[in-house]
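Structural description and commentary
Here is what each chain is made of, one letter per residue.
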Amino acid sequence: MPEGGDAETAGGAMAPVFVSYASQDAAVAAALVEALERRGIACWIAPRDVTPGASYAGQIIHAIDAARASVLILSQDAACSPHVLREVERAASKRHPIIALRIDQAPLPADFEYFLNTSHWLDTSRGDIGRALPKLIAAIQVALQAPAAVPTEAASSHAPATTVSARSLNRMVIVVASVASLALVGFAADRLWLSSHRAAATPAPTLPASAPASATAVPAIPEKSVAVLPFLDMSEKKDQEYFSDGLSEELIDMLAGIPELRVPARTSSFSFKDKQVTISEIARVLNVTHVLEGSVRKAGSTIRITAQLIRVDNGSHVWSATYDRQLTDVFKVQDEIAGAVVKALKVSILEGEALRVAPTTNPEAYETYLRANYYLDRFDLHKSIDYYYQAIKLDPNYAPAYAHMAQAYSFLAFFGAVSPGEGWGKVKEASRLAVQKDERLAEGHGALALAKLHYDWDFPGAELEFKRALELNPGNADVRHDYAHYLMAVGRVAESEAESRRAVELDPVGEALISCLCWHSYAARDYDQSVRLAEKFLRSHPDDPWERTILGWTYEQKRMPEQAITEFKTAVKITDGNTFFVAALGHAYAVAGNRREAEKILQTLAARATKSYVSPFDLALIHTALGEKARAFALLDKALSERSTFLVYSKWEPRLDPLRSDPRFQHLLRQIGLED
């Protein structure tokens, strides 16, 4: 039965209400169900509605998931029953209303108080159940009339709302870099400034209209496929989202490393967070047959992790488990969950092969690392770097902490927040240590490849690192997409587009990857197609300054400068005057022949350069459009001397076309290592 539907009793009647009780209260439960069903409220109750021969526990879990509300017969026996507690916790994790009917005065354990403190409460401890029945029926009817909820994770009150992670930013950032000098900065600013615009109230993700035919077609769903949804934070204070998110990400990384198993990337799986969408809809968009979901409850060093693997086409629970462990056992729990998924899906791994080696034995370092990832995903780069340093201090051999810290520094370098030498120097240092600590860490090789590409201009070395990363984890959409832009930089356009399409298959909902196809059209100089894709994308994402920038660049090449100016003005407004978009606007003014406005922007950028880093590549583009070649080449020489990040895309950048016939431009390409 599809997720979100109604449970079905053994007799075939629809049962929107699940009844939870202790075995000692069976007579009360049976009488209550009889009374409710006489009034037209169908119930699911064990053992009456359990199909003989089927998994008893599995059917209970399925019935809870499929119901619209739960009625709990609360007594001293129920309060002492771990089975009842698990049923209550399961219903709460699904955000189903729980209506408690208290039949005695026994004190309530803290676990029950936590789950029931906001629930409808009926006290019949004095034996007046019949008198309370009308109120119970009314409460059930209200619950059944409410919109059905799907399992989502409560957003932390401490974190800004966002639907785009820094890992998706990484892919898009490289897209931007490939399009033009500071395009990377543009998309970064998009995600940095737009996190507040894209709150959890936005519609559930679907494949954007800008997706290619290969992405929008209905492909065969691989049997051995699973989407890992973000686990819910069920902790008392709802302050452990970083931990529940981190656990989910770790499971995605572990399972994605198994070649035989298809696992959508984090960006896609997490895009459904806080969205009113059913599991069957999620599976359809992500093209998977199974979904892994769960919850985390953490108190001090104690954790309770529940996980369940669901086959979507029939709603059956293939596997489920609850783990009550100490934080020191968290890696064992992750291994057990991943191992259970592998076994359930009959995926082949080498005999005796471990899914991974625990990256640290220090639970405090692990928890600090998860906090760092949490802030990296929300693009709070400096805070994430601080936490990575803390994790490394606690465990100097923690390879993933080095790799992800390298990623955070790469964003600073991309966005021009620091000079190329400072930013990429940190990336190289951290990524090399990551690889040194764990040579099999794909993210470490991927980060090192980015530094070799964008700063060292070591193109053979970069490709070796990219290929090693993909050999270690072919399901890593981030690295595959980064490799696509390496291929674009060196002029292997067809290979680049093929890699981008593979990345989209791994991350079908990731905006960065799908938007990348618009960038491919721009880079291939198919400007009509670029306009079509950008306009379609902007219909659902009107406040995306990066896509408006692509559209603006395309309008410039189509000799439609006024339309380009309009797009860049919008981008500047959205980003509160970010330098990258201001420079793009200056270039558009110059293309339009409006020298006065272009020079005013150059003055603005010169003033900013006294306080913060401004890329000479940006300035060179504006002077190029003004026809001031000498000044443009002087700035490009400066960009060469500081190894400006975006020079690696000079081989095809259309805005540099006015300089290509000049011998100095060929010299520029030779200096970078991109000579024809």
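Quick caveat, the model's predicted, so the values are computed rather than measured. (Residues numbered from 1 in each chain as written. Predicted model: local features only at pLDDT ≥ 70, side-chain atom pairs only at ≥ 80, totals over all residues. Heavy atoms only, no water.)

With respect to the overall build of the protein chain
Each helix and strand in the protein chain was counted, giving 30 helices and 12 strands. Counting all 676 residues of the protein chain, 61% fall into the buried class. Look at the contacts in the protein chain between residues 6 or more apart in sequence, and 68% of them connect residues 24 or more apart. When the accessible surface of the protein chain is summed, it comes to about 26200 Å², and 52% of that surface belongs to carbon and sulfur atoms. (Helix = DSSP H or I, 4+ residues; strand = E, 2+ residues; numbered from the N terminus. Buried < 20%, exposed > 50% of the residue type's maximum accessible area, 1.4 Å probe, protein only. Contact = heavy atoms within 4.5 Å. Areas by Shrake-Rupley, 256 points an atom, 1.4 Å probe, with all protein chains shown as cover.)

Considerations on the pattern of salt bridges
Between side chains of opposite charge, a pair can form as their charged atoms come close. Counted according to the given criterion, the structure contains 34 salt bridges. For the salt bridge of Lys-224 with Glu-260, the shortest nitrogen-to-oxygen distance reads 2.5 Å. Remark: Glu-260 occurs in the loop between helix 10 (241-256) and helix 11 (266-270) and Lys-224 occurs in the loop between helix 9 (213-216) and strand 8 (226-228); sequence separation between them is 36 residues. Judged by its relative accessible area of 33%, Glu-260 falls in the partly exposed class. Two residues, Arg-492 and Glu-495, come together in a salt bridge whose shortest N-O distance is 3.0 Å. Using a relative accessible area of 27% as the deciding quantity, one classes Arg-492 as partly exposed. (Salt bridge = Lys/Arg side-chain N within 4 Å of Asp/Glu carboxyl O.)

Comments concerning unusual backbone geometry
In this chain, Ala-46 is followed by Pro-47 through a cis amide linkage whose omega measures 5°. Relative to the elements of secondary structure, Pro-47 occurs in the loop between strand 4 (43-44) and helix 2 (56-66). In this structure, Asn-287 takes a positive phi of about 60° despite not being glycine. Take Asn-287: its relative accessible area is 12%, and that puts it in the buried class. The phi dihedral of Trp-457 is positive, around 55°, even though this residue is not glycine. Residue placement: Trp-457 occurs in the loop between helix 18 (442-456) and helix 19 (459-472). On the basis of relative accessibility, which here comes to 8%, the residue Trp-457 falls in the buried class.

Quick notes on the packing of helix 24 (residues 545-557) against helix 25 (residues 561-574)
Contact geometry for helix 24 and helix 25: axes closest at 8 Å, N-to-C directions at 160°. Relative to helix 25, helix 24 is oriented roughly antiparallel. Once helix 24 is placed against helix 25, the crossing between them reads as left-handed. Touching Pro-545, Arg-548, Thr-549, Leu-551, Gly-552, Trp-553, Tyr-555 and Glu-556 of helix 24 are Pro-561, Gln-563, Ala-564, Glu-567, Phe-568, Thr-570, Ala-571 and Ile-574, all from helix 25. Grouping the constituent residues of the contact of helix 24 with helix 25 by class yields 9 nonpolar, 4 polar and 3 charged. (Axes fitted to C-alpha atoms, helices over the stretch in contact; angles between N-to-C directions. Parallel < 35°, antiparallel > 145°, perpendicular 65-115°, else oblique. Left-handed = near helix turned anticlockwise from the far one by under 90°. Nonpolar A, V, L, I, M, F, W, Y, C, P; charged D, E, K, R; others polar.)

Here's the deal with the environment of Leu-433
Relative to the helices and strands, Leu-433 is located in helix 17 (residues 420-437). Sequence spacing of Leu-433 and Ala-403 is 30 residues, and the spatial spacing of their C-alpha atoms is 8.0 Å.

Notes on the packing of aromatic side chains
Taken as a whole, this structure holds 18 aromatic pairs when the rule is applied. With centroids separated by 6.4 Å and ring planes inclined at 90°, the aromatic side chains of Tyr-242 and Phe-243 adopt a geometry described as edge-to-face. In terms of burial, Tyr-242 and Phe-243 fall into one category: buried. Aromatic ring contacts, followed pair by pair, group Tyr-522, Tyr-527, Trp-546, Trp-553, Phe-580 and Phe-581 into a single cluster. The lysine or arginine in question, Arg-266, covers the ring of Phe-270, its NZ or CZ lying 3.9 Å from the ring centre. Positioned over the ring face of Tyr-374 is Arg-378, at 3.7 Å from the centre of the ring. (Phe/Tyr/Trp six-rings, centres within 6.5 Å; stacked < 30°, edge-to-face > 60°. Lys NZ or Arg CZ within 6 Å of the ring centre and 35° of its normal.)

Focus: the packing of helix 23 (residues 527-540) against helix 24
Packing of helix 23 against helix 24 brings their axes to within 9 Å, and their N-to-C directions diverge by 150°. Our classification of the angle between helix 23 and helix 24 gives roughly antiparallel. The chirality of how helix 23 crosses helix 24 is left-handed. From helix 23, Tyr-527, Ser-530, Val-531, Leu-533, Ala-534, Glu-535, Phe-537 and Leu-538 reach across to helix 24, where they touch Glu-547, Arg-548, Ile-550, Leu-551, Thr-554, Tyr-555 and Gln-557.

A closer look at the nonpolar core
Ranked by size, the top nonpolar core spans 145 residues in total, and within it Leu-255 and Leu-292 carry the most contacts. Here this core gets 12 residues from one element, more than from any other, and that element is helix 16 (residues 399-414). Sequence-distant contacts of Leu-292, defined by excluding residues within four places in its chain, comprise Val-226, Ala-227, Val-228, Leu-229, Phe-231, Leu-251, Ala-307, Gln-308, Leu-309, Trp-319, Ile-337 and Val-341. Formed by 24 residues, the second largest nonpolar core is a distinct cluster that contains Ile-73, Ile-99, Ile-103 and Ala-143. (Core = buried A, V, L, I, M, F, W, Y, C linked by side-chain atoms within 4.5 Å.)

With respect to the environment of Val-427
In this structure, Val-427 sits in helix 17. When the C-alpha atoms of Val-427 and His-404 are compared, they prove to be 9.6 Å apart, with 23 residues separating the residues in sequence. Beyond its immediate chain neighbours, meaning those up to four positions away, Val-427 contacts Ala-406, Tyr-409, Ser-410, Ala-447 and Ala-451.

Comments concerning the pairing of strand 10 (residues 290-299)
Along strand 10, 9 of the 10 residues are buried, which leaves the element largely enclosed by surrounding structure. For strand 8 and strand 10, the ladder comprises 3 bridges, and the chain directions are parallel. From the neighbouring strand, Ala-227 faces strand 10, where its bridge partner is Val-291. Relative to strand 10, strand 9 (residues 232-233) is paired through 2 bridges, and the arrangement is parallel. When the sheet's bridge partners are listed, Asp-233 is paired in strand 10 with Val-296. Taking the residues that link successive antiparallel strands as the turn, the strand 10-strand 11 (residues 302-311) hairpin has 2 residues, and the phi of Gly-300 there is positive, at about 65°. (Pairing = 2+ DSSP bridges.)

Structural notes on the environment of Pro-230
Position of Pro-230 among the secondary structure elements: in the loop between strand 8 and strand 9. As a C-alpha pair, Pro-230 and Ser-271 span 41 residues in sequence and 9.4 Å in three-dimensional space.

Brief notes about the side chain of Ser-650
Checked against the element boundaries, Ser-650 lands in the loop between helix 29 (629-641) and helix 30 (663-672). Those residues in contact with Ser-650 that lie beyond four places of it in its chain are Phe-617, Leu-656, Arg-660, Phe-665, Leu-669 and Ile-672.

Remarks on helix 28 (residues 616-625)
With respect to burial, helix 28 is a largely interior element, 9 of its 10 residues being buried. Those residues of helix 28 lying buried are Pro-616, Phe-617, Asp-618, Leu-619, Ala-620, Leu-621, Ile-622, His-623 and Thr-624. Where helix 28 is buried, its residues meet helix 26 (579-591), helix 27 (595-609) and helix 29. Looking one or two residues past helix 28, Gly-627 carries a phi angle of roughly 85°, positive in sign.

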